[in-house]
Amino acid sequence: MPNLQEIAQRIEDADAILIGASNGLSICEGLHLFAENQAFDEIFGDFKREFGIQSIIHGMLIPWSDVELKWGFWLRLIANYYLNYQPTQVMQDLKALIGNKDYFIVTSNGECHFELAGFSAEKIFEVEGNWVTLQCSNACHNTLYEGSVIFKKLCYYQDQMRVPVSEIPRCPKCGDFMVMQMGAAQKIILDVKARSRLQTFLERYHGKKLVVLELGIGWRNQLIKAPLMHLVNQEPLATYITLNKGEIYIEKFIKDKAFGLDGDLRETLAQIREILEHGNIRA
Ligand SMILES: [Zn+2]
């Protein structure tokens, strides 16, 4: 097991922290996108019985032919895991770890929990979009619209399986239906402004002591994990810390400046926080 003391010291000495996060972090917060579990049955049992929807990801990706049902499924999802979200201990520990340092978050998670937990929206790049940002379903123009107010209003319909078509917002340009950015499939409009803010962050800390902290990303992930490892390879003073359960993978070319922490990342983060706050590291 790598030395947590040394890891805490690297975090304390860092000029900035770049967080990469994926599904493993969501699972730690009780959101299992891929699981056919009791929580799914309790929240989405009617969708399972009527349409054979097996998991959250199934309902997110299925090409619903009925727009009322599509909005009904997403509204149920958003009401339960976005509007009702309370920041978890793991998010509080992560904030404590970062302290007053500059940071940026790159994530494939679309549930906006970082922002809801108090991280700055300006410092988050959701590489696959998110649940509550809206766009034209036809992608006729590339503006992204904030949708949380609309979903709060639609909550009235969350126990029904449908959002009435008259309540579904329309594109201000072409009149087609609006859609959740992450539910737009191949029509998805990505947030180029957030991507460019990430680029600015990387330029600012080029050659500096950057700690890359990776949370719950599968070992084969090419979207976030692979680029993060290449970044660490190119940055002479960078440190790579990966936390995951049962799936620790570190490319050989960065092994001298990398730490892999196998196990429940909730416990690992809490331990690092404890060392930082009570281990004579952080003044
Ligand atoms: Zn349009």
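Sequence order as written defines the numbering, with residues in each chain counted from 1. Where local features are concerned, this predicted model is filtered to residues with pLDDT of at least 70; where side-chain atom pairs are given and counted, the filter is 80 or more; whole-chain, interface and lining totals use all residues. Heavy atoms throughout the structure, all of them, feed into the side-chain values; hydrogens and water do not.

**Structural notes on the coordination of the zinc ion**
Then comes step 1: Binding of the zinc ion to the protein goes through Cys136 (SG), Cys140 (SG), Cys171 (SG) and Cys174 (SG), at separations of 2.2 to 2.3 Å.
Then comes step 2: Metal donors: N, O and S atoms at distances within 2.8 Å, or within 3.2 Å for Na, K and Ca, with water omitted from the atom set so that some sites may seem incomplete. Only two sets of limits are used to name each site, 85 to 135 degrees for every angle of a tetrahedral four-donor site, and over 155 degrees for opposite donors with all other angles from 65 to 115 for a square planar four-donor or octahedral six-donor site, with any other site named irregular. Around the zinc ion sit four donor atoms, and with donor-metal-donor angles ranging over 104 to 116° the site reads as tetrahedral.
Then comes step 3: Coordination of the zinc ion draws on donor residues from a single chain, spaced C-x3-C-x30-C-x2-C in sequence. Of the two residues, Cys136 sits in strand 4 (residues 133–136) while Cys171 sits in the loop between helix 8 (148–154) and strand 6 (178–180), which places them 35 residues apart along the sequence.
Then comes step 4: Exposure is judged per residue with a 1.4 Å probe applied to protein chains only, and the accessible area is read against the type maximum: over 50% gives exposed, under 20% gives buried, and values in between give partly exposed. What makes Cys136 buried here is its relative accessible area of 0%. Under the DSSP-based scheme used, a helix requires at least four consecutive residues in state H or I and a strand at least two consecutive residues in state E, with every element numbered from the N terminus.

**Let's talk about the sheet that holds strand 9 (residues 258–262)**
Then comes step 1: Paired strands are those between which DSSP finds at least two bridges. In space, the six strands of this open sheet follow the order 3-2-1-7-8-9, with parallel pairing throughout. Of all the strands in the sheet, the pair left with one neighbour each is strand 3 (124–126) and strand 9. Each adjacent strand pair in this sheet contributes to an overall mean axis angle of 15°, direction not counted.
Then comes step 2: Whether two residues are in contact is decided by their heavy atoms, any of which lying within 4.5 Å being enough. Every axis corresponds to a line fitted to the C-alpha atoms, with the helix fit spanning only the stretch in contact, and the corresponding angles, defined between N-to-C directions, vary from 0 to 180 degrees. Against the sheet, helix 11 (residues 265–278) contacts strand 7 (210–215), strand 8 (239–244) and strand 9, and its axis sits at roughly 135° relative to strand 8.

**Re the domain arrangement of the protein**
Then comes step 1: Domains are outlined according to an automatic or database domain assignment. What the domain assignment lists for the protein is domain 1 (4–29 + 90–129 + 190–278) and domain 2 (38–85 + 133–187).
Then comes step 2: Contact residues are listed per partner, giving 14 residues for domain 1 and six residues for domain 2.
Then comes step 3: Across the interface of domain 1 and domain 2, roughly 780 Å² is buried in total on both sides, 65% from carbon and sulfur atoms.
Then comes step 4: Any carboxyl oxygen of Asp or Glu within 4 Å of a side-chain nitrogen of Lys or Arg constitutes a salt bridge here. Seen at the junction of domain 1 and domain 2, the total is zero salt bridges.
Then comes step 5: All residues other than Ala, Val, Leu, Ile, Met, Phe, Trp, Tyr, Cys, Pro, Asp, Glu, Lys and Arg, Gly among them, are scored as polar; the first ten of these are nonpolar and the last four charged. Of the residues assigned to the side of domain 1 that touches domain 2, the class counts are five nonpolar, five polar and four charged. By buried area we mean how much accessible surface two parts lose on assembly, using a 1.4 Å probe and totalling the loss over both.

**Comments concerning the state of the cysteines**
Then comes step 1: Cysteine sulfur atoms that pair up within 2.5 Å are treated as a disulfide. Applying the stated criterion across every chain, the model contains zero disulfides.
Then comes step 2: The thiol of Cys28 is not disulfide-bonded; the next cysteine sulfur, from Cys112, is found 19 Å away.

**Notes on the packing of helix 3 (residues 38–51) against helix 5 (residues 67–83)**
Then comes step 1: Across the interface, helix 3 lies against helix 5 with an axial gap of 11 Å and an inter-helix angle of 175°. Taken together, the axes of helix 3 and helix 5 lie roughly antiparallel to each other. Residues Ala39, Ile43, Phe44, Asp46, Phe47 and Phe51 of helix 3 touch helix 5, and the partners they reach there are Leu69, Gly72, Phe73, Arg76, Leu77, Asn80 and Tyr81.
Then comes step 2: Considered class by class, the residues forming the contact of helix 3 with helix 5 number nine nonpolar, two polar and two charged. The cut-offs work like this: below 35 degrees is roughly parallel, past 145 is roughly antiparallel, 65 to 115 is roughly perpendicular, and the gaps in between are oblique.

**A short note on the sheet that holds strand 5 (residues 145–146)**
Then comes step 1: Across the sheet, three strands lie side by side as 5-4-6; this open sheet has antiparallel pairing. Both edges of this open sheet fall to strand 5 and strand 6, since each of them pairs with a single strand only.
Then comes step 2: Examined bridge by bridge, strand 4 and strand 5 share two bridges and lie antiparallel to one another. Of the residues in strand 5, the one forming a bridge with Thr133 is Glu146.
Then comes step 3: This element, helix 5, spans strand 4 and strand 6 of the sheet and lies at about 40° to strand 6.

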